[in-house]
Amino acid sequence: MSTPPSPNNLRSFEEQMARLEEIVALLDRGNLPLEQLLELYEEAIRLIAACRQYLENAEQRVIAIRSLASGEAAEPTAED
């Protein structure tokens, strides 16, 4: 089995989700050694956090776009 990419090396949300789905399938089978299952679980937790952050950033962008479209001043985000 090749070394899985870290969440930071994945280029897109879709790639992160695809890797997460692979991990879920491997964990569901349950036929791997315990240490490997734990490593996959840890990777999944990191991917979930990265996906959640991506979605939160996307939500902030949508809010800002809506504000601009409606002529309102956009509220500052944590990145500002």
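Shown above is the structure to which this text applies.
Residues numbered from 1 in each chain as written. Predicted model: local features only at pLDDT ≥ 70, side-chain atom pairs only at ≥ 80, totals over all residues. Heavy atoms only, no water.

### Side note on the pattern of salt bridges
Under the counting rule described, the total for this entry stands at 2 salt bridges. Arginine 19 serves as the salt-bridge partner of glutamate 22, at 3.0 Å between the closest nitrogen and oxygen. Of this pair, glutamate 22 and arginine 19 both sit in helix α1 (residues 13–29), 3 residues apart, which is roughly one turn of that helix. For glutamate 22, a relative accessible area of 45% translates into the label partly exposed. Each of Arg19, Glu22 and Glu43 takes part in a single network of salt bridges with overlapping partners. (Salt bridge = Lys/Arg side-chain N within 4 Å of Asp/Glu carboxyl O. Helix = DSSP H or I, 4+ residues; strand = E, 2+ residues; numbered from the N terminus. Buried < 20%, exposed > 50% of the residue type's maximum accessible area, 1.4 Å probe, protein only.)

### Some points on the nonpolar core
Counting 8 residues, the largest nonpolar core consists of Leu20, Ile23, Leu26, Leu32, Leu37, Leu40, Ala44 and Leu47. At the level of elements, α1 and α2 (34–70) are the ones that each hand at least two residues to this core. Of all the elements, α2 adds the most residues to this core, at 4 residues. When near neighbours in sequence (up to four residues on either side) are disregarded, leucine 37 contacts Leu26, Leu27 and Leu32. (Core = buried A, V, L, I, M, F, W, Y, C linked by side-chain atoms within 4.5 Å. Contact = heavy atoms within 4.5 Å.)

### Topic: the packing of aromatic side chains
On inspection of all chains with the given rule, the structure shows 1 aromatic pair. Where phenylalanine 13 meets tyrosine 54, the ring centres are 5.2 Å apart and the plane angle is 20 degrees; that geometry is what we call stacked. Placement of phenylalanine 13 in helix α1 and of tyrosine 54 in helix α2 is noted, with a sequence separation of 41 residues between them. A relative accessible area of 17% means that phenylalanine 13 is categorised as buried. (Phe/Tyr/Trp six-rings, centres within 6.5 Å; stacked < 30°, edge-to-face > 60°.)

As far as function goes, none of this settles anything; it's purely spatial.
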